[in-house]
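# Report on the structure
Below are the chains, spelled out letter by letter.
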Amino acid sequence: MIGVILILVAGFLSVLPDFSGAPSPVDYDTSDADYPEKIAEDTEAHDDFVRIMDTLATMVGMAGVGLIGYAFVREAYDEDTTTPGLRITLLLLGSIMLLQMIGSGFNLSITL
């Protein structure tokens, strides 16, 4: 359950920068001498915010998928409540989820 909640939080974090949007030239005084520098600074700050939120969303999402995969593997070892076919399916599914997460690599680089 926690893994599903973490995946939903990751989805929210990834769209968080879209709530404010990128800087618009309409919001600036074009007659000001510092106009190009101000819009360039704000655009760079917004791009940094997008990168940070995407990185945070990736980390939270990977943690959620890892928890779901772990829950499948742990449930597969519970001999009292499941049939052998379900245990094998849960074990395979959990293993595939964890191996896919490890195999995709932890590409969490933040460019400055």
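Summary of the structure given here. (Residues numbered from 1 in each chain as written. Predicted model: local features only at pLDDT ≥ 70, side-chain atom pairs only at ≥ 80, totals over all residues. Heavy atoms only, no water.)

## Remarks on the packing of helix 2 (residues 35-76) against helix 3 (residues 84-103)
Which entries qualify depends on this criterion: Inter-axis angles, ranging from 0 to 180 degrees, are taken between N-to-C directions of lines fitted to C-alpha atoms, where helices are fitted over the stretch in contact. The way it works is that DSSP assigns letters per residue, a run of H or I at least four long becomes a helix, a run of E at least two long becomes a strand, and they are numbered from the N terminus. Any angle that is under 35 degrees is reported as roughly parallel, and any over 145 degrees as roughly antiparallel; angles of 65 to 115 degrees are reported as roughly perpendicular and all others as oblique. Here is the rule for handedness: rotate from the far helix to the near one, and if that takes an anticlockwise turn smaller than a right angle the crossing is left-handed, while a clockwise turn gives right-handed. We call two residues in contact when some of their heavy atoms are within 4.5 Å. Gly falls in the polar group here, along with every residue not listed as nonpolar (Ala, Val, Leu, Ile, Met, Phe, Trp, Tyr, Cys, Pro) or charged (Asp, Glu, Lys, Arg).
Contact geometry for helix 2 and helix 3: axes closest at 7 Å, N-to-C directions at 155°. One element, helix 2, and the other, helix 3, form an angle in the roughly antiparallel class. You can see that helix 2 and helix 3 cross each other, and the crossing is left-handed. Note on element contacts: helix 3 touches helix 2 through Arg87, Leu90, Leu91, Leu93, Gly94, Ser95, Met97, Leu98 and Met101, opposite Met62, Val65, Gly66, Ile68, Gly69, Tyr70, Phe72, Val73, Glu75 and Ala76. Residues that form the contact of helix 2 with helix 3 fall into these classes: 13 nonpolar, 4 polar and 2 charged.

## Description of the side chain of His46
Take His46: it is sitting in helix 2. Excluding residues within four positions of it along the chain, His46 makes contact with Pro17, Ser20, Gly21, Ala22 and Pro23.

## Things to note about the packing of aromatic side chains
Put simply, the test is: Pairs were defined over the aromatic rings of Phe, Tyr and Trp, the Trp ring being its six-membered one, requiring ring centres within 6.5 Å. Orientation was assigned from the angle between planes: stacked under 30 degrees, edge-to-face over 60, tilted for the rest. Per-residue accessibility, obtained with a 1.4 Å probe over protein chains only, is compared with the maximum for each type, and a residue is labelled buried under 20%, exposed over 50%, and partly exposed between these values.
Scanning the model with the defined rule gives 2 aromatic pairs in all. Ring centres 6.0 Å apart and planes at 50° place the aromatic pair Phe12 and Phe19 in the tilted group. Note on Phe19: relative accessible area 59%, which makes it exposed. Ring centres of Tyr28 and Tyr35 lie 6.4 Å apart, and the angle between their planes is 65°; this geometry places the pair in the edge-to-face category.

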